[in-house]
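Chain by chain, the residues run as shown.
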Amino acid sequence: MAEKYMKSQTPKHDLSWYVKWTASAFILASMTMRGKEHLVDWDIGLSLIGVTGWFIVGFLWNDRALILLNGAGIVFFLTTIVGKVFG
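These remarks concern the structure in this document. (Residues numbered from 1 in each chain as written. Predicted model: local features only at pLDDT ≥ 70, side-chain atom pairs only at ≥ 80, totals over all residues. Heavy atoms only, no water.)

1. Some words on the pattern of salt bridges
Then step 1. Following the criterion strictly, the structure yields 2 salt bridges and no others.
Then step 2. For the salt bridge of Arg34 with Asp43, the shortest nitrogen-to-oxygen distance reads 2.7 Å.
Then step 3. In this structure Arg34 comes out as partly exposed when scored by relative accessible area, which is 44%.
Then step 4. Asp41 is the salt-bridge partner of Lys84, the closest N and O atoms lying 3.2 Å from each other. You can see Lys84 sitting in helix α3 (residues 64-86) and its partner Asp41 sitting in helix α2 (residues 40-61), a full 43 residues away along the chain. (Salt bridge = Lys/Arg side-chain N within 4 Å of Asp/Glu carboxyl O. Buried < 20%, exposed > 50% of the residue type's maximum accessible area, 1.4 Å probe, protein only. Helix = DSSP H or I, 4+ residues; strand = E, 2+ residues; numbered from the N terminus.)

Okay, structure coming up:
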């Protein structure tokens, strides 16, 4: 008989669990603002927090794909912020 629910392979209730869910909430919040011109700065800021959280999770899990993807995201968002502030 097949299991009704799949068992998660990721750690539960350790530091990475809290960081990943918090970071995911920030990314979802930023997505709700995407495309609304008056909320662009909030979108960028919340996205930066979210990808930074997932970058940390990548380190905690020793997951190079998460580190690379979110590290690039951090660079892109910081570049955008610096351009807005100093450009």
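Here the narrative resumes, following the displayed structure.
2. Overview of the nonpolar core
Then step 1. Formed by Val19, Ala23, Trp54, Val57 and Leu66, the largest nonpolar core amounts to 5 residues.
Then step 2. Apart from residues no more than four positions distant in its own chain, Trp54 is found in contact with Lys20, Ala23, Ser24, Ile27, Trp61, Leu66 and Asn70. (Core = buried A, V, L, I, M, F, W, Y, C linked by side-chain atoms within 4.5 Å. Contact = heavy atoms within 4.5 Å.)

3. Digging into helix α1 (residues 15-33)
Then step 1. With 19 residues, α1 extends 28 Å between its outermost C-alpha atoms, agreeing within 8% with the 27 Å of an ideal straight helix rising 1.5 Å per residue.
Then step 2. Listed in full, the buried residues belonging to α1 are Ser16, Val19, Lys20, Ala23, Ser24, Ser30 and Met33.
Then step 3. Here the buried face of α1 lies against α2. (Expected span 1.5 Å × (residues − 1).)

4. Let's talk about unusual backbone geometry
Then step 1. Phi at His13 takes a positive value of approximately 60°, unusual for a residue other than glycine.
Then step 2. With respect to the secondary-structure elements, His13 resides in the segment before α1.
Then step 3. The backbone of Asn62 shows a phi angle near 55°, a positive value even though the residue is not glycine.
Then step 4. Mapping Asn62 onto the fold places it in the loop between α2 and α3.

5. A look at the environment of Thr52
Then step 1. Within the fold, Thr52 resides in helix α2.
Then step 2. Assessed through its relative accessible area of 28%, Thr52 is described here as partly exposed.
Then step 3. Placed 28 residues apart in sequence, Thr52 and Ser24 show a C-alpha to C-alpha distance of 11 Å.
Then step 4. In terms of polar contacts, Thr52 uses its side chain to reach the backbone carbonyl oxygen of Leu48, at 2.7 Å. (Polar contact = N/O pair within 3.5 Å; in protein donor to acceptor, adjacent residues only side chain to side chain.)

Any functional reading would require information beyond the geometric quantities listed.
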